[in-house]
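Overview (structure and organization)
So you can see what is in the structure, the chains are spelled out below.
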Amino acid sequence: MPQAIPATLIAGDGIGPEIVEATLLVLDALGAPFAWESQVAGLGGIRAAGDPLPEATLASIRRTRLALKGPLETPSGGGYRSSNVRLREAFHLYANVRPVRTLIPGGRFDKIDLVVVRENLEGLYIGHEHYVRVDDDPHAVAIGTGVNTRAGCRRILEYAFDYALATGRKKVTLVHKANIMKVLTGIFLETGQELYDSTYKGRIVMDTAIVDACAMKLVLNPWQYEVLVTTNLFGDILSDLAAGLVGGLGMTPGANIGTDAAIFEAVHGSAPDIAGRGLANPTALLLAAALMIEHCKRPELAARLRQALHDALNVDQVRRACCPNPDPEANGSVYGQSS
Ligand code: NAD
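Residues numbered from 1 in each chain as written. Predicted model: local features only at pLDDT ≥ 70, side-chain atom pairs only at ≥ 80, totals over all residues. Heavy atoms only, no water.

1. Digging into the pattern of salt bridges
Per the stated rule, a full pass over the model turns up 16 salt bridges. Its salt-bridge partner being Arg-169, residue Asp-113 comes within 3.0 Å of it at the nearest N-O pair. Note that Asp-113 is positioned in strand 5 (residues 113–119) and Arg-169 in the loop between helix 5 (150–166) and strand 8 (171–176), a separation of 56 residues in sequence. Close ionic contact of Lys-177 with Asp-212 constitutes a salt bridge, the shortest N to O distance being 3.1 Å. With Lys-177 in the loop between strand 8 and helix 6 (186–200) and Asp-212 in helix 7 (residues 211–220), the pair connects residues that are 35 residues apart, well separated along the chain. Beyond isolated ion pairs, a larger network of salt bridges with shared partners links Arg-98, Arg-118 and Asp-236. (Salt bridge = Lys/Arg side-chain N within 4 Å of Asp/Glu carboxyl O. Helix = DSSP H or I, 4+ residues; strand = E, 2+ residues; numbered from the N terminus.)

Rendered as structure tokens:
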């Protein structure tokens, strides 16, 4: 019997505990080799320890270097800084890998198989923002600063090219907005072009796309893309768009890979609108667990988990639409193509 792998488990907020519980049942049945250390973060961290990212949680991930995480709530506007962003910074999780694959054939977009590789530590996400008072309005002007470094661009671009080569992909598309943000995303385009010419030319194809046109092309003809690599904010938006091609946020996993740890999660958030109602789709977190198992070099177990998901969705036809709005056209089914 192989030794159990210590791993941190964060149930998270909103639907987090429900989908984590469902995932653990499946992982137990699979005989997944993890010895879990349960910790809290986000709203759960504040409730249990008065801190959205308690030291005990950080210490656990420092020990295990591996975590499965439910979604964490972040207040919009004011309030505490995102625990997700802080976790990425604390463990230098520079690559956010979000595979998007059709799980239920025959929908509006069939046979989708693309991966969004998102830079996870830089760009407009760094949160350097402030208001400027004018007369009696303290919020008269809002200013935000983005930072992209050549080293950070190079690291994520190398990751994307290597990932594409290792997974048998033929093409990497670099997504930018260097026509307008000539410096902030120009450095990403420039670094990508240099890296491609010096190291990857002849081994793989690279093309480039401006982010707004890329969004349109993803909707018109998503099959033209294999691996999209882009900066933090664009990657966040495009990966949610891509999730919509395969049934919604409940269907897409994410891996946060870094030098000091790897944290696996669903792409979606805490879905407070359906929390506690038994409606949440655990598929995305189950797929995140499959990525985690692969990361731990147990591909045969990951394949069994994916096969079980395929059979549940397509053989047993477990596809209850669970939109808060009963009209799937209005809300999008998170279980697949609104069947
Ligand atoms: P969301 O992803 O939580 O929800 C968007 C829509 O998708 C909602 O209608 C929701 O019901 C639905 N949905 C999401 N996951 C689902 C699932 N598994 N099954 C069924 N339906 C699902 O996005 P939001 O409402 O913008 O954000 C809510 C909170 O989550 C915010 O506090 C946000 O900061 C946080 N968030 C966290 C993460 C993370 O922890 N990685 C990611 C995104 C958002």
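2. Observations regarding the site of the ligand
Inspection of the region around the ligand gives 22 residues, with Leu-72, Gly-269, Ala-271, Asp-273 and Asn-281 positioned closest. One of the backbone nitrogen or oxygen atoms of Thr-74 is found 2.9 Å away from an oxygen atom of the ligand. Asn-84 has a polar side-chain atom sitting 2.9 Å from an oxygen atom of the ligand. Calculation on the ligand without its partners gives an accessible area of 810 Å², and the protein chains cover 72% of this total. In terms of residue class, the shell around the ligand is made up of eleven nonpolar, seven polar and four charged. (Near = heavy atom within 4 Å. Polar contact = N/O pair within 3.5 Å; in protein donor to acceptor, adjacent residues only side chain to side chain. Areas by Shrake-Rupley, 256 points an atom, 1.4 Å probe, with all protein chains shown as cover. Nonpolar A, V, L, I, M, F, W, Y, C, P; charged D, E, K, R; others polar.)

3. As for helix 8 (residues 232–245)
Relative to the 20 Å expected for 14 residues at 1.5 Å per residue, helix 8 spans 20 Å between its end C-alpha atoms, a close match to the ideal helical length. Of the residues making up helix 8, those classed as buried are Asn-232, Phe-234, Gly-235, Leu-238, Ser-239, Ala-242, Ala-243 and Leu-245. Down the axis of helix 8, the buried side of the element spans an arc of 165 degrees, and every buried residue falls inside it. Once helix 8 finishes, Gly-247 follows within two positions and takes phi at roughly 120 degrees, a positive value. (Expected span 1.5 Å × (residues − 1). Buried < 20%, exposed > 50% of the residue type's maximum accessible area, 1.4 Å probe, protein only. Arc of directions from axis to C-beta.)

4. A few points about the domain arrangement of the chain
Its domain assignment divides the chain into domain 1 (1–102 + 247–339) and domain 2 (113–245). Relative placement of domain 1 and domain 2: their C-alpha centres are 23 Å apart. Facing 22 residues of domain 1, the contacting portion of domain 2 comprises 24 residues. Of the roughly 1900 Å² buried between domain 1 and domain 2, counting both surfaces, carbon and sulfur atoms make up 52%. Among the residues domain 1 hides against domain 2, the three largest losses belong to Tyr-94, Arg-98 and Val-100. Together they make up 37% of the total. For Asp-236, the salt bridge goes to Arg-98, with nearest N and O atoms at 3.7 Å. Counting every contact that joins domain 1 to domain 2 gives ten residue pairs in polar contact (both at pLDDT 80 or more). Elements represented by at least two residues in the side of domain 1 that touches domain 2 include exactly helix 4 (83–90), strand 4 (95–101) and strand 11 (253–257). (Domains from an automatic or database assignment. Contact = heavy atoms within 4.5 Å. Buried area = accessible area lost by both parts, 1.4 Å probe.)

5. What about the sheet that holds strand 8?
Taken together, ten strands build an open sheet; the order of strands is 2-1-3-12-11-4-5-10-8-9 and the sheet is mixed. Two strands close off the open sheet at either side, each with one partner strand: strand 2 (34–39) and strand 9 (205–210). Here the strands of the sheet are splayed against their neighbours by 25 degrees on average, with no regard to which way each runs. Here strand 4 pairs with strand 5 via seven bridges, running antiparallel. Its bridge partner lying in strand 5, Pro-99 is registered against Val-115. (Pairing = 2+ DSSP bridges. Axes fitted to C-alpha atoms, helices over the stretch in contact; angles between N-to-C directions.)

6. What to know about the pairing of strand 6 (residues 123–134)
Here seven bridges tie strand 6 to strand 7 (residues 137–147), and the two strands are oriented antiparallel to one another. Residue pairing for strand 7: Glu-129 is matched across the bridge by Gly-144. From the end of strand 6 to the start of strand 7, which pair antiparallel, there are two residues, and Asp-135 there has a positive phi angle of about 55 degrees.

7. Some points on the nonpolar core
By size, the foremost hydrophobic cluster in this structure holds 78 residues, and its most contacted members are Leu-114, Val-229, Phe-264 and Ile-293. Sort the elements by how many residues they give to this core and helix 9 (residues 283–295) lands first, with nine residues. Apart from the residues within four sequence positions on either side, Phe-264 is in contact with Leu-66, Ala-67, Leu-68, Lys-69, Gly-254, Ala-255, Ile-257, Ala-288, Leu-291, Met-292 and His-295. Grouped together as the second largest cluster of nonpolar side chains are twelve residues, Ile-10, Ile-61, Phe-91 and Ile-263 included. (Core = buried A, V, L, I, M, F, W, Y, C linked by side-chain atoms within 4.5 Å.)

8. Describing helix 2 (residues 42–49)
Among the residues making up helix 2, those that are buried are Gly-42, Gly-44 and Gly-45. Taken end-on, helix 2 shows its buried residues confined to a sector of 115 degrees, consistent with a single buried face. Where helix 2 is buried, its residues meet helix 4. Phi turns positive, to about 70 degrees, at Gly-50, one or two residues after helix 2.

9. A short note on the packing of helix 7 against helix 8
Where helix 7 meets helix 8, the axes come as close as 10 Å, and the angle between the chain directions of the two elements is 10 degrees. Classified by the interaxial angle, the pair formed by helix 7 and helix 8 is roughly parallel. Residues Val-211, Cys-214, Ala-215, Leu-218 and Val-219 of helix 7 touch helix 8, and the partners they reach there are Phe-234, Leu-238, Leu-241 and Leu-245. Looking at side-chain class alone, the contact of helix 7 with helix 8 contains nine nonpolar, no polar and no charged residues. (Parallel < 35°, antiparallel > 145°, perpendicular 65-115°, else oblique.)

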